[in-house]
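# Results of the structural survey
Residues per chain are reported as follows:
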Amino acid sequence: MKSKTIAIIPARGGSKRLPGKNILPLGGMPLLAHSIIYAKSNSDIIDEVYVSTDDEQIKEVALAYGAKVIDRPPSISGDLEPTISSLQHALESIDSDVENVVLLQPTNPLRPIDLLSECFQKYLEDNLDSLFTVSQNHHKFGKIHNNVFVPFNYEIGQRSQDLEPLYFENGLLYIAKTKLILEGKIISEKAFPYIVNHVFADVDIDTQEDFDYAEYLLNKNKK
């Protein structure tokens, strides 16, 4: 019997920097809808799509696009509440045997079309407990001590192309065993970092400028 895999999309209301961002129209549909449609387009992997929310308007959008809704209580809907809380609550609310969870963040609406299938194949083949997407950093980072810039990942004068590779968690997608999430982790100590060097990995919507950039990339890729 095929093990059950679900997608959970945490989408709370009350965004302060960009009010109502999860339902703002991006490319003619609510921001949240992009992640729901992506999950549903991978129905060979994902059995059910859930949106965890505390907001009635988000709930209406989720249902309109074919997701199931988990009503998130106020106690785990605050600004500082970690994502793991909503995932644990969602799993505890679902009356079925789920083995794998795909976490899709609505603020990362643009994903390469084959990304999930490639990641899930790696996840199964290597018998992983978790996998998450990363991208290579191409910036020269440093710290400032007493008004002096101290290089962190390079030496002054070094060329960017000669930097030792560093990577950042881009948020495009996460896959984890249910057991791991119930233990309080999304990324385990042995999680596989799946490298994604794609322009979509630079989109993480928190401000109006982020939103405008996502709109630009979406229109450019449609062409």
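Our structure is the block above this text.
So, here is what we can say about the structure in this document. Here the residue numbering is sequential within each chain, running from 1 through the sequence in written order. Predicted model: local features are reported for residues with pLDDT of at least 70 only, side-chain atom pairs are reported and counted for 80 or more only, and whole-chain, interface and lining totals are derived from all residues. Excluding hydrogens and water, the side-chain figures rest on all heavy atoms present in the structure.

## Here we look at the overall build of the protein
By definition, any uninterrupted DSSP run of H or I lasting at least four residues is a helix, any uninterrupted run of E lasting at least two residues is a strand, and each is numbered from the N terminus. Counting its secondary structure elements, the protein contains six helices and 11 strands. For 223 residues, the compact-globule estimate of 2.2 N^0.38 gives 17 Å, and the C-alpha radius of gyration of the protein, at 19 Å, lies within 12% of that figure. In terms of principal-axis extent, the alpha carbons of the protein reach across some 60 × 40 × 40 Å. Long-range pairs, those at least 24 residues apart, make up 72% of the contacts in the protein between residues at least 6 apart in sequence. Carbon and sulfur atoms make up 51% of the accessible area of the protein, which totals about 12100 Å². The protein carries 22 positive and 32 negative side-chain charges, and their two centres are separated by 2 Å. Every radius of gyration here is taken over C-alpha atoms, with the globule rule written as 2.2 Å times N^0.38, N being the number of residues. Residues count as neighbours in contact if any of their non-hydrogen atoms are within 4.5 Å of one another. What sets the accessible areas is the Shrake-Rupley method with a 1.4 Å probe; for residues, cover comes only from the shown protein chains. Only four residue types enter the charge count: Lys and Arg as positive, Asp and Glu as negative, with His and the chain ends excluded. One atom stands in for each charge, and that atom is NZ of Lys, CZ of Arg, CG of Asp or CD of Glu.

## Some remarks on helix α4 (residues 115–125)
Buried means the residue's accessible area, taken with a 1.4 Å probe over protein chains only, is under 20% of the maximum for its type, while exposed means over 50%, and partly exposed covers the values in between. Listing the buried residues of α4 in full gives Leu-115, Leu-116, Cys-119, Phe-120 and Tyr-123. Take α4 and look down its axis: the buried residues cluster within an arc of 115 degrees, on one side only. On its buried face, α4 sits against β1 (5–10), α1 (31–40), β6 (100–103), β7 (130–137), β10 (166–177) and β11 (192–195). Here, the arc refers to the directions that run from the helix axis to the C-beta atoms.

## Section: the nonpolar core
Ranked by internal contacts, the top residues of the largest apolar core, which has 30 residues, are Leu-32, Val-51 and Ile-175. At the level of elements, β1, α1, β4 (48–53), α2 (56–64), α4 and β10 are the ones that each hand at least two residues to this core. Examining the composition of this core, we find that five residues originate from one element, α4, more than from any other. Each nonpolar core is a collection of buried residues, namely Ala, Val, Leu, Ile, Met, Phe, Trp, Tyr and Cys, held together in the definition by side-chain atoms within 4.5 Å. Counting 20 residues, the second largest nonpolar core, distinct from the first, contains Ile-84, Leu-91, Val-134 and Tyr-174.

## What to know about the layout of surface pockets
With a 1 Å grid laid over protein atoms only, a set of points is called a cavity when a 1.4 Å probe fits there but cannot get out and a pocket when it is open yet has protein on both sides within 12 Å along at least five of seven lines; lining residues have an atom within 4 Å of a point. Grid points are joined across faces, edges and corners, and a volume is the space filled by probe spheres set on the points. Here the largest pocket is characterised by a volume of approximately 610 Å³. Lining the largest pocket are 29 residues, with Pro-10, Arg-12, Lys-21, Thr-83 and Thr-107 sitting closest to its centre. Counted as a void, the second largest pocket has a volume near 320 Å³. Looking at the second largest pocket, it is lined by 15 residues, and the ones nearest its centre are His-34, Tyr-38, Pro-109, Arg-111 and Leu-218.

## Quick notes on a nonpolar patch on the surface
Residues Phe-141, Phe-152 and Leu-166 make up a contiguous nonpolar surface patch of roughly 290 Å² in combined accessible area. Within the secondary structure, Phe-141 is located in the loop between β7 and β8 (142–145). Of the residues examined, Phe-141 reaches a relative accessible area of 40% and is grouped as partly exposed. Like-charged residues within 9 Å of one another, or nonpolar side chains (Val, Leu, Ile, Met, Phe, Trp, Tyr) within 5 Å, are grouped into patches, provided each residue has over 30% relative accessible area and no salt bridge. A pair is scored as a salt bridge if a Lys or Arg side-chain nitrogen falls within 4 Å of a carboxyl oxygen belonging to Asp or Glu.

## Focus: the packing of aromatic side chains
For this analysis, a ring pair means two rings from Phe, Tyr or Trp (six-membered ring only for Trp) whose centres lie within 6.5 Å, classed as stacked if their planes differ by under 30 degrees, edge-to-face if by over 60, and tilted for the remaining angles. By the definition in use, this model includes three aromatic pairs. When the centroid spacing of 6.4 Å and the interplanar angle of 20 degrees are considered together, the rings of Tyr-213 and Tyr-216 count as stacked. Of the two residues, Tyr-213 and Tyr-216 both sit in helix α6 (residues 208–222), three residues apart, roughly one turn of that helix. The exposure class assigned to Tyr-213 is partly exposed, which follows from its relative accessible area of 33%. According to the relative accessible area criterion, Tyr-216 is partly exposed, its value standing at 47%.

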